[in-house]
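Overview (structure and organization)
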Amino acid sequence: MTYDFDLFVIGAGSGGVRAARFAAGYGARVAVAESRYLGGTCVNVGCVPKKLLVYGAHFAEDFEQAQSFGWSMGKANFDWTTLITNKNREIERLNGIYRNLLVNSGVTLLEGHAKILDEHSVELGGNRFSAKHILIATGGWPQIPEVPGHEHAIGSNEVFFLPQLPKRVLVIGGGYIAVEFASIFNGLGAQTSLLYRGELFLRGFDSAVRKHLQEELTKRGVDLQFNSDIARIDKQADGSLHATLKDGRRIETDCIFYATGRRPMLDNLGLENTHVALDDRGFIKVDEQYQTSTPSILAVGDVIGRVQLTPVALAEGMAVARRLFKPDEYREVDYRMIPTAVFSLPNIGTVGLSEEQAKEEGYSVSVYESRFRPMKLTLTDSQERTLMKLVVDAKTDRVIGCHMVGPEAGEIVQGLAVAIKAGATKQIFDDTIGVHPTAAEEFVTMRTPVAS
Ligand code: NDP
């Protein structure tokens, strides 16, 4: 049987584009369908614009601290429209780069909504296409709990396009997006509250990291309210919002931003025409090689809900392209020791196990911790402190967890992740000469365990 394409990719986000380009590079005939924007969540309403807003928010403290280094300046003013316009222009540039990458690698780009008709056919814009393999890479979508009045709230799709910076913001959730946007809004000058339903936000991160960030955000003036959740939202005649909490308290604000996780994007995808099965959380179920319950249909990225991170989707997309079209170069994605950063202010960088996870997994651990005031701040009034922590397997001396809260934590942890993935022991850390004077050198000078 001959097909129109060897691979039909649905979704031109991180995972889909990577799979499409590499497959085409291996000589496959590839189509990619995209109904919204090239580059997917990461480029359009995720990592990239978020990081630009974080940079924008950081200037507030840069201006203030510069005065302790002898700079004087007039009153700094912030203009939201300028930031958003410039951000939009940069995203348009990136959309164009994605388009060129695809077209130049020989991929057929089809703009419109693709619906699967059967295990080898897809419909788009009234046309039917056949393909030997179909790859679902449709990503995720913000999930907003259906509390009464939730239509007055926004999610992470809208937050990047707010017409103006709200004076008061209520961020709901305690994950990556919630703490990052609480930092952005606070840095840009909005009166910011973060409401989290549990005891302490960032569940799953090392408890020292969670507590440290709690302290640092509080110092910066973010109003953190844990064990709190919204029962209903009412819009007032003046446009402001009243959030009634489950404990009866009321909060008045101008913007309610839900950052309460992301669901798989399966809307009108035609899965009912296939045997593709979902897992108990509703994500597409795949085997170790990203094959769904329909063998000709594969899935990667946020839609499989394994690890919702761009670099993981890239690795999965590449693995699929290789498995299908360059099997001698196929390598399984290694999900152990994935480094990650939360771009809160200050940043979190982490790789490997938290102290709690290590103990749960039966390791006996030695823990090394350092807290200090970054050198850059010693001339200023800022009381911000940095946290660095290593979790070491006491039996083998291997470093199994590395955590940091402080400036450039993501940049620092990326380098350390290579050593840790290579199996570096604490002795190797100790034998490594520091780069002086840096914050990062603290990771190779911690000598006495705080706990073991
Ligand atoms: P997360 O899964 O990280 O966090 C969701 C948060 O919302 C949790 O604190 C959760 O609480 C809470 N929550 C979930 N449902 C409800 C509800 N019904 N009512 C109240 N609170 C609720 O999701 P995010 O939306 O922050 O981000 C989605 C994913 O995107 C992340 O998991 C991450 O993988 C990725 N991402 C990565 C970034 C990075 O690499 N820097 C940046 C942004 C996103 P609880 O803990 O109690 O379950």
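Overview of the structure.

Cut-offs and rules
Residue indices follow the written sequence of each chain, beginning from 1 at its first position. In view of the model being predicted, local features appear only for residues whose pLDDT reaches at least 70, and side-chain atom pairs are presented and counted only at 80 or more, with totals across whole chains, interfaces and linings using the full set of residues. Each side-chain value is worked out from all heavy atoms of the structure, with water and hydrogens disregarded. Cavities and pockets are found on a 1 Å grid laid over the protein atoms alone: a cavity is a set of points where a 1.4 Å probe fits but cannot escape, a pocket is an open set with protein on both sides within 12 Å along at least five of seven lines, and a lining residue has an atom within 4 Å of such a point. Grid points are joined across faces, edges and corners, and a volume is the space filled by probe spheres set on the points. Each residue gets one label: Ala, Val, Leu, Ile, Met, Phe, Trp, Tyr, Cys and Pro are nonpolar, Asp, Glu, Lys and Arg are charged, and the others, such as Gly, are polar. A run of H or I in DSSP counts as a helix once it spans at least four residues, and a run of E counts as a strand once it spans at least two, with each numbered from the N terminus. The length a helix should cover is 1.5 Å for every residue beyond the first. Three exposure classes are used, based on accessible area relative to the maximum for each residue type with a 1.4 Å probe and protein chains only: buried under 20%, partly exposed in between, and exposed over 50%. Residues are treated as being in contact if the distance between any of their heavy atoms lies within 4.5 Å. Nearness is judged by heavy atoms alone; a residue qualifies as near a molecule or strand once a single heavy atom is within 4 Å of it. For the purposes of these results, a polar contact is taken to be a pair of N or O atoms within 3.5 Å, where, inside protein, one atom must be able to donate a hydrogen and its partner to accept one; residues adjacent in sequence count only when each atom of the pair is a side-chain atom. Note on areas: these come from Shrake-Rupley sampling with a 1.4 Å probe, and a residue is covered only by the protein chains present in the view. A pair is scored as a salt bridge if a Lys or Arg side-chain nitrogen falls within 4 Å of a carboxyl oxygen belonging to Asp or Glu.

In this structure the tally under the stated criterion is one cavity of 30 Å³ or more. For the largest cavity, the full set of lining residues is Pro142, Ser156, Ile177, Tyr258, Ala259, Thr260, Gly261 and Arg262. When its residues are assigned to classes, the lining of the largest cavity shows four nonpolar, three polar and one charged.

Turning our attention to helix H4 (residues 80–104). One turn of an α-helix holds 3.6 residues; hence residues three or four places apart share an orientation. When the terminal C-alpha atoms of H4 are compared, their 36 Å separation across 25 residues agrees well with the 36 Å that a helix rising 1.5 Å per residue should span. By the burial criterion, the buried members of H4 are Trp80, Leu83, Ile84, Lys87, Ile91, Leu94, Asn95, Tyr98 and Leu102. Those residues of H4 that are buried are in contact with helix H1 (14–25), strand E2 (30–34), helix H2 (40–45), helix H3 (47–66), strand E3 (108–111) and helix H5 (176–188). Count one or two residues on from H4 and you reach Gly106, which has phi positive near 90°.

What follows covers the site of the ligand. Taken together, 20 residues sit near the ligand, with Tyr196, Arg197, Arg203, Gln308 and Ala341 positioned nearest. Note that a nitrogen atom of the ligand is positioned 3.0 Å from one of the side-chain N or O atoms of Glu180. Here the ligand, which alone exposes 900 Å², has 77% of that area covered by the protein. Here the shell around the ligand gets three residues from one element, more than from any other, and that element is H5. Grouping the amino acids of the shell around the ligand by side-chain chemistry returns eight nonpolar, six polar and six charged.

As a further point, take the pattern of salt bridges. Within the structure shown, the criterion is met by 26 salt bridges. Salt-bridge contacts for Glu111 lead to Arg99; the nearest nitrogen and oxygen are separated by 2.9 Å. Of this pair, Glu111 sits in strand E3 while Arg99 sits in helix H4, and the two are twelve residues apart along the sequence. Given a relative accessible area of 33%, Arg99 falls into the partly exposed group. Ionic pairing is found between Arg447 and Asp430, a salt bridge with its closest N-O pair at 3.0 Å. With Arg447 in the segment after helix H10 (426–431) and Asp430 in helix H10, this pair connects stretches of sequence that are 17 residues apart. For Arg447, a relative accessible area of 46% translates into the label partly exposed. Through salt bridges that share partners, Asp206, Glu355, Lys359, Glu369, Arg371 and Lys389 make up one connected network.

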